[in-house]
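# Fold and contact review
Now for the letters of each chain:
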Amino acid sequence: METPDSPKEITRRQFLTTVGKIGGSAAVFSLMGTLGLLSPETLKAADYTPPRQGDLSATHRNGKKILILGGGIAGMTAAYELSQAGYDCTILEARARAGGRIWSVRRGTTVSEVGGIKQVARFDEAEHLYLNAGPMRIPQFHVTMEYCRKFGIELEPFNNVNESGYYYHENVGELSGRKIRKREAKADMRGYVSEMMAKAVNSGSLDLPLTAEEKAKLVDYLKREGDLNADLFYKGSSRGGYKEEPGGKFDAGVARDPFDMKAIINSGFGNNFSGEYGYDQQMMMFHPVGGMDRIAQAFEKRVGNSIIYHAEIKEIRQGATAVRVVYTDTTTGALKEVSGDYCICTIPLSVLKDIPADFSADMKKAISSISYASAGKMGMQFKRRFWEEDEQIYGGSTTTNTDLASMYYPPTKYFGKKGILLAYYNFGGAADKLGKMSLAERESHALALTSKIHPQTYKEFETSFSINWKTIKYNMGGWAAYTADDRKTYYPTLCKPDGRIYLAGEHMSYITAWMAGGIESARKVVTELHERVLKE
């Protein structure tokens, strides 16, 4: 009973209202869950998930300890978000650094590929002289941008598309062995295809459910799309550039002549256009100033105290109430172990499959059934940025059907004295072919192919650093390469917690190979784990 001298009691509703004013709806729902005011069904229907900005309610951490295996972006995202909620997180990372595949190679960087010799980067000491061995660009709509904003990471454009770059194909007929500006190939291919389509529509050769007026509108579009003449013939276009550039006064310039229709079709250049149209390849794209590892470092700054480095996982064991992980301290060789209430495992499946673990039979089969993509990169440092000075190429790429696949020009420090050219970014068979070579053989092969496109290569070359992701320890592949059948058969199993262990990482997403895949998967797991704790 209340007396004049006793503290005034408040109702449960008033208390929850006060919590809501302080911590928001997340705190209210979290508190109500613990007080037993919401059933599991109500919690689910309430659409409660940990907020995107990381302000999970700390009310119900209940002293839970979470073991996180892997200090890549998925592991650090999970640790960051859970730490905001007050969970006790420990990250076990096998390397001496955080970031996983977010790896910027600079002077002094060392790596020994599985079965290979030690490689040391000899790039000059300069902020812009680095190779992003893993991720190198961020689509503007990816969740990665949220953390760049939150952590104050300075970004600059990554010009994924540059019409001044080249197509270079071999064994394709008339245009074999010739470097063709992308603008030239695109103008001619689009011109000829538009011409054929427009004439077919006009002649009634296509069975189209269109009225005469609608067909006229379609032809009008094709005329503009292909830059056709009034008679619907493609005779070339200024879109493809000039033999002599226009200038001042009466200098109108001299337009280039289009390639022969059969030559441009046989070249196969057109098959490369669609790569730029992919949803996650469209401009604008960005990258951090100074290297992609700026993102890893920003996460590390916030969760670094939770990371145990040089911790190579040897066993993953779990029981009814806890998870126990055995690891080797690679600096001393000592075998150690740590326990927690739950475990978030972000280790690539290509590595996880060989670690003894208390997974169910279905989970073990799913883990061992997923293949990983072959991918390789080589950065070449040149004493002069000849692609800019001699050929007016500022960023973007050159595309080729040789083992180089794609060559990317540095999208930063324009007009600088030196630059690092991404001499190749290849996949599949080409990556496997170069990956089997010695470091010297890779360099020699890449120089020979690069010189076919840029004759300045040998004169200006200084040093290189190459990566074959299939033989990089703790990765053993570029990214998870799911088939449609894998997604149907194994992916649902991988998405479910196996006892007290949850999987996260780019492989636990539909945006594999991207940093956003790791982030999104981690946030899903954080939500699921947090809701599970609320129900305990």
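This text gives an overview of the structure that appears in the document. Please read all numbers here as calculations on a predicted model, not as lab measurements.

## Topic: the overall build of the protein
- Of regular secondary structure, the protein possesses 17 helices and 24 strands.
- Burial statistics for the protein: of 536 residues in total, 53% are counted as buried.
- Look at the contacts in the protein between residues 6 or more apart in sequence, and 69% of them connect residues 24 or more apart.
- Here the protein has roughly 25000 Å² of accessible surface; of this, 51% comes from carbon and sulfur atoms.

## Remarks on empty space enclosed by the protein
- A full pass over the atoms with the stated rule returns 1 cavity of 30 Å³ or more.
- In this structure, the largest cavity spans a volume of roughly 230 Å³.

## Considerations on the pairing of strand E1 (residues 65-69)
- Across the 5 residues of E1, 4 count as buried, placing the element largely inside the fold.
- Two strands pair when backbone bridges link them, and E1 and strand E2 (residues 88-92) are joined in this way by 5 bridges, in the parallel orientation. Residue pairing across strands places Ile68 opposite Ile91, the latter belonging to E2.
- The parallel pair E1 and E2 is bridged by helix H3 (residues 73-84), and the resulting crossover is right-handed.
- When E1 meets strand E18 (residues 342-345), the two strands line up parallel, connected through 4 bridges. The residue bridging Ile68 from the neighbouring strand is Ile344, located in E18.

## A look at the packing of H3 against helix H4 (residues 144-151)
- Two numbers describe how H3 lies on H4: the axes approach to 13 Å, and their chain directions differ by 55 degrees. As judged from the angle between their axes, H3 and H4 are oblique. By crossing handedness, the relation of H3 to H4 is classed as left-handed. Facing Thr77, Tyr80 and Glu81 of H3, the residues of H4 in contact are Tyr147, Lys150 and Phe151.
- Of the residues contributing to the contact of H3 with H4, the split by class is 3 nonpolar, 1 polar and 2 charged.

## A few points about a nonpolar patch on the surface
- On the surface, Val193, Met196, Met197, Leu206 and Ile265 cluster together into a nonpolar patch covering about 380 Å² of accessible area.
- In terms of residues, the nonpolar patch owes the most to one element, helix H5 (residues 182-203), which gives 3 residues.
- Inspection of the secondary structure puts Met196 in helix H5.

## As for the packing of H4 against helix H17 (residues 515-535)
- Viewed as axis vectors pointing N to C, H4 and H17 meet at an angle of 85 degrees, and their least axial separation amounts to 9 Å. Comparing their axes, H17 and H4 come out roughly perpendicular. Taken together, the residues of H17 that come into contact with H4 (itself represented by Thr144, Glu146 and Tyr147) are Met515, Ala516, Ile519 and Arg523.

## Topic: the nonpolar core
- Grouped together as the largest cluster of nonpolar side chains are 42 residues, with contacts concentrated most on Ile66, Ile68, Met76, Tyr87, Ile295, Ile344 and Leu529.
- Elements with a contribution of two residues or more to this core: E1, H3, E2, H4, helix H8 (293-303), E18 and H17.
- Dropping the residues within four chain positions of it, Leu529 is found in contact with Ile66, Tyr87, Tyr342, Ile344 and Tyr502.
- Counting 32 residues, the second largest nonpolar core, distinct from the first, contains Leu69, Phe359, Tyr491 and Met508.

## Digging into the sheet that holds E18
- Taken in spatial order, the 5 strands make up an open sheet running E14-E2-E1-E18-E24, and their pairing is parallel. Either end of the sheet is taken by a strand with one partner, and the two such strands are strand E14 (307-308) and strand E24 (501-503).
- Bridging between E18 and E24 involves 3 bridges; their strand directions are parallel. Paired with Cys343 across the bridge in E24 is Ile501.
- Those strands touched by H3 are E1, E2, E14 and E18, and its axis lies near 165 degrees from that of E2.

## Quick look at the environment of Ser205
- By secondary structure assignment, the location of Ser205 is in the loop between H5 and helix H6 (212-226).
- Side-chain polar atoms of Ser205 contact the side chain of Ser203, separated by 2.6 Å.

## Some words on the environment of Ser371
- By the element assignment, Ser371 lies in the loop between helix H10 (361-369) and strand E19 (375-382).
- A residue is classified by how much of its surface remains accessible, and Ser371, at 45% relative accessible area, is partly exposed.
- Linking Ser371 and Asp486, residues 115 residues apart in sequence, is a C-alpha distance of 9.5 Å.
- When near neighbours in sequence (up to four residues on either side) are disregarded, Ser371 contacts Trp479, Ala480 and Ala481.

## A look at the packing of aromatic side chains
- What the rule picks out here adds up to 22 aromatic pairs.
- Ring geometry for Tyr167 versus Phe273: centroids 6.0 Å apart, planes at 40 degrees, classification tilted. Residue Tyr167 is found in strand E9 (residues 166-168), and its partner Phe273 is found in the loop between helix H7 (261-267) and strand E13 (285-288); the two are separated by 106 residues along the sequence. Neither residue differs from the other here; Tyr167 and Phe273 are each classed as buried.
- With a centroid separation of 5.9 Å and an interplanar angle of 65 degrees, the aromatic rings of Phe427 and Trp479 are classed as edge-to-face. With Phe427 in strand E22 (residues 419-427) and Trp479 in the loop between strand E23 (461-468) and helix H15 (484-489), this pair connects stretches of sequence that are 52 residues apart.

The rules behind these values
- Residues numbered from 1 in each chain as written.
- Predicted model: local features only at pLDDT ≥ 70, side-chain atom pairs only at ≥ 80, totals over all residues.
- Heavy atoms only, no water.
- Helix = DSSP H or I, 4+ residues; strand = E, 2+ residues; numbered from the N terminus.
- Buried < 20%, exposed > 50% of the residue type's maximum accessible area, 1.4 Å probe, protein only.
- Contact = heavy atoms within 4.5 Å.
- Areas by Shrake-Rupley, 256 points an atom, 1.4 Å probe, with all protein chains shown as cover.
- 1 Å grid on protein atoms, 1.4 Å probe; cavity = no way out; pocket = protein on both sides within 12 Å on 5 of 7 lines; lining within 4 Å.
- Points joined across faces, edges and corners; volume = space filled by probe spheres on them.
- Pairing = 2+ DSSP bridges.
- Right-handed = clockwise from strand over helix to strand, strands pointing away.
- Axes fitted to C-alpha atoms, helices over the stretch in contact; angles between N-to-C directions.
- Parallel < 35°, antiparallel > 145°, perpendicular 65-115°, else oblique.
- Left-handed = near helix turned anticlockwise from the far one by under 90°.
- Nonpolar A, V, L, I, M, F, W, Y, C, P; charged D, E, K, R; others polar.
- Patch = residues over 30% accessible without salt bridge, like charges linked within 9 Å, V, L, I, M, F, W, Y side chains within 5 Å.
- Salt bridge = Lys/Arg side-chain N within 4 Å of Asp/Glu carboxyl O.
- Core = buried A, V, L, I, M, F, W, Y, C linked by side-chain atoms within 4.5 Å.
- Polar contact = N/O pair within 3.5 Å; in protein donor to acceptor, adjacent residues only side chain to side chain.
- Phe/Tyr/Trp six-rings, centres within 6.5 Å; stacked < 30°, edge-to-face > 60°.

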